[in-house]
Amino acid sequence: MLIHHQPLTRFIGELFVRFDAAPEDAALVASHLVAANLKGHDSHGVGMVPAYVGNIRRGKLNVAAQAKVVHDKGAVLLADGQMGFGQVVGRQAVDFALERVASTGIVCTGVRNCHHLGRIGSYGERCGEAGYVSIHFVNVVGHDPLVSPFGGREPRISTNPFCCVVPQEDGPPIVLDMATSAIAQGKVRVAYNQGVPVGEGALIDHEGAPTTDPAVMFEEPKGALGPFGKHKGYGLGLMCELLGGGLAGEWTAAQASHEEQGFSIINHMLMLVLDPDLFGGADGFRREVADMVDYLQSTNPAVGTERVMVPGEPEIAAMETRRAEGIPIDDNTWAAILKSAEVAGMTDSEVDDLIS
Ligand code: NAD
């Protein structure tokens, strides 16, 4: 099906309100998820709703929790998300950092114990749109690891996203935002729901042999996702684990806590926010960024490529298309969302009213 973003946001927001989320928090979560769909990342869009609902019902996601500052040392801030919606507590941590960086020029903020933060680029974009550079290291725990270390057969870490954002004077920020696995686990889920294979080089089966079958991530005997870029992606994923989970967070995938806690999705994020004005030449920096972007975009395209883009551009293009045409949602994903609405106590006619 195809659905427009406004009714979809309304529906998902109302669904979380039925689980006692404050209307403004529910609206923030819904608009974050729908924005991920708009930007082409269905893996981090409304398809996550059934997992969130499951975690609310199991007591793993506290819909009322807000970020609480636990250390405040000037340019270093640490907040605890208290297992609240990542979209709410992550946004609050970003806002703490943006408020502080105005006086310190550089801020290192950690936010730990967040339920799924969703698309990390949204936090970077908030910094970039305010004129700051930001760098984000995130680890993912609360469930069994998904990604094998380079050369390994069993999973040991998760899809640990890395994000770096640079503002542009006359345009949207440059947004590098990526899982450090070969592909995001959510993209394997989308392929599994659609009954299609994933691209080559992303998955191994339980014997360590390459496969394109997404079922190895959902059915026993389970395999693993590989890191992107062989040893390099593995190394970056490890740094997300150590800095996001170890330094800012309370635990890494090495801890057994996830086994004790049962399934959840917990993110810890270490974030650096930098004011380009304090690096001796903001005008020069802005000019270098603009010149470099022009230089890259002037490259003649290789065979099979329409044009060279900078990171963040594919998401802007997807958003323009999907805002106009609607967001595609596959039948299995939609059925699971409707099931969540039923669990929330919504009737079919209430859902129909919200999405029409
Ligand atoms: P991706 O591979 O689609 O894109 C990665 C980056 O490459 C993006 O910045 C994109 O703009 C850029 N890019 C893509 N094509 C490009 C091109 N042709 N030219 C220039 N740049 C290009 O993203 P992904 O790795 O599948 O990650 C998807 C999302 O998953 C991200 O938003 C990430 O934050 C999120 N994620 C979240 C978690 C979590 O636990 N919260 C875990 C993993 C991933």
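Residues numbered from 1 in each chain as written. Predicted model: local features only at pLDDT ≥ 70, side-chain atom pairs only at ≥ 80, totals over all residues. Heavy atoms only, no water.

## Focus on the side chain of Glu-313
Which entries qualify depends on this criterion: Strands are runs of DSSP state E lasting at least 2 residues, helices are runs of H or I lasting at least 4, and numbering of each runs from the N terminus. Relative accessibility decides the category of a residue: with a 1.4 Å probe and only protein chains considered, values under 20% of the type maximum give buried, values over 50% give exposed, and everything between is partly exposed. Counted as a polar contact is a pair of N or O atoms within 3.5 Å, where, for protein atoms, one must be capable of donating a hydrogen and the other of accepting one, and residues adjacent in sequence contribute only when both atoms are in side chains. Residue contacts follow a heavy-atom distance rule, with two residues in contact if any of their heavy atoms lie within 4.5 Å.
Its place among the elements puts Glu-313 in helix H10 (residues 313-325). Judged by relative accessible area, Glu-313 falls into the buried class, the value being 17%. There is a polar contact of 2.7 Å between the side chain of Glu-313 and the backbone nitrogen of Val-310. Setting aside residues up to four positions removed in sequence, Glu-313 forms contacts with Gln-297, Arg-307 and Val-308.

## As for helix H5 (residues 121-129)
Every buried residue of H5 is listed here: Gly-121, Tyr-123, Gly-124, Glu-125, Cys-127 and Gly-128. Directly beyond the C-terminal end of H5, a positive phi value near 95 degrees is found at Gly-131.

## Some remarks on the domain arrangement of the chain
Our working definition: Domain ranges listed in this record stem from an automatic or a database domain assignment. Note: buried area is the sum, over both parts, of the accessible area (probe 1.4 Å) each one loses when the two are combined.
Domain annotation for the chain reports domain 1 (1-60 + 326-356), domain 2 (65-181 + 229-298) and domain 3 (183-225). With nine residues of domain 1 in contact, the opposing surface of domain 3 contributes seven residues. In total, domain 1 and domain 3 occlude about 590 Å² of area from one another, counting both sides; carbon and sulfur atoms represent 50% of this. Considering only the surface of domain 1 that becomes buried against domain 3, Ser-43, Asp-330 and Asn-332 emerge as the three largest contributors, covering 57% of it. The interface formed by domain 1 and domain 3 includes four residue pairs in polar contact (both at pLDDT 80 or more).

## Brief notes about the packing of aromatic side chains
We apply this condition: Centres within 6.5 Å make a pair out of two Phe, Tyr or Trp rings, where for Trp the six-membered ring is used; the pair is then stacked when the planes are under 30 degrees apart, edge-to-face when over 60, and tilted otherwise.
Tallying each qualifying case throughout the model produces five aromatic pairs. One aromatic cluster in this structure is built from Phe-16, Tyr-52 and Phe-85.

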